[in-house]
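Per-entry structural report
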Amino acid sequence: MTRSTAPAATPPPMPARLFGWRCGACWTVLAVLALVVASFATLDLQWARFFSADAMGRMGRFLAELLHPNFDWTFVKRVLAASLETLAMSGVGTLLAALFGLLLAVPASRPYADARAPWRHPTRLLLNALRSIPELVWAALLLISAGLGPLAGTLALAMHTTGCERRACRAGGCSCTRRCRRCCRNCSVTRCTAGRTTSVPQPSSAWSA
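In this report, we go over the structure that sits alongside the text. Per-chain numbering applies: the sequence of each chain, read as written, is numbered from 1 onward. Local features are withheld for residues below a pLDDT of 70 in this predicted model, meaning they are given only at 70 or higher, and side-chain atom pairs are given and counted only at 80 or more; totals for whole chains, interfaces and linings count all residues. Calculation of side-chain values draws on the structure's entire complement of heavy atoms; hydrogens and water are dropped beforehand.

Digging into the packing of aromatic side chains
- Whether two aromatic rings pair depends on their centres lying within 6.5 Å, for rings of Phe, Tyr and Trp, where Trp uses its six-membered ring; planes under 30 degrees apart make the pair stacked, over 60 edge-to-face, and the rest tilted. This model, assessed by the stated rule, comprises 3 aromatic pairs.
- Summarising the aromatic geometry, the rings of Trp 47 and Phe 51 are spaced 6.2 Å apart at their centres and angled 20° between planes, so their arrangement reads as stacked.
- Members of the aromatic cluster, connected to one another through ring pairs, are Trp 47, Phe 50 and Phe 51.

Okay, structure coming up:
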């Protein structure tokens, strides 16, 4: 009888090397580390001045002033007026953004899932551009044309928030199928009523949120 020999056990795989000449991620990490070291070496950070006794004393006085607020009535009235103006700017800006978002929701979405929407991609590009630019940048740009005042801030909030309404526009009508509208049309319902009963309820949860 021939004795069956057991197969030789394969050795476990060796762990990957920490650095390899053909490792693109390793070279990227080394380049970033070199950039960080070069930045610290070339910048005059003045750590000794930052941790000096004079700097610590000034920071301590500043923190102590925060614990003793100014309750002068003249100062309080100015702060209240500025706070109310800020709230009014945010409210008007949000209202304008909701209005513009509703207007752009129609070309940015489809009436049903497989419908043709020629203005969908250009409108979404516009919404992405409005959303990608922060409010401060919009305010700086609008200060040139509108000048100082609440108008520039209100328009900046409105433009950025309009771009943020892309999620509500994305939910509008896209989940409504052709079958829903066809059922409404078969029941002798007008196109306007069919769109109102099938497409409009779709983004209602997003708008309410």
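That shown, we press on.
Some points on the pattern of salt bridges
- A side-chain nitrogen of Lys or Arg and a carboxyl oxygen of Asp or Glu constitute a salt bridge if their distance falls within 4 Å. Taken as a whole, this structure holds 1 salt bridge when the rule is applied.
- A salt bridge links Arg 58 to Asp 54; its shortest N-O distance comes to 3.9 Å. Separated by 4 residues within a single helix, Arg 58 and Asp 54 lie in helix 3 (residues 53–66), roughly one turn from each other. Note on conventions: DSSP H or I runs of at least 4 residues are helices, E runs of at least 2 residues are strands, and numbering of each starts at the N terminus.

Concerning the nonpolar core
- What we call a nonpolar core is a set of buried Ala, Val, Leu, Ile, Met, Phe, Trp, Tyr and Cys residues that are connected through their side-chain atoms within 4.5 Å. The buried label applies to any residue whose accessible area, calculated with a 1.4 Å probe on protein chains only, is under 20% of its type's maximum; exposed applies above 50%, and partly exposed to all values in between. Ranked by size, the top nonpolar core spans 6 residues in total: Leu 130, Trp 138, Ala 139, Leu 142, Ala 152 and Ala 156.
- Counting only elements with at least two residues in this core, the list comes to helix 6 (135–146) and helix 7 (150–164).
- Among the elements that take part in this core, helix 6 stands out by supplying 3 residues, more than any other.
- Whether two residues touch is decided by their heavy atoms; if any such pair falls within 4.5 Å, the residues are in contact. Contact partners of Trp 138, with chain neighbours within four places excluded, come to Leu 130, Ile 133, Ala 156, Met 159 and His 160.

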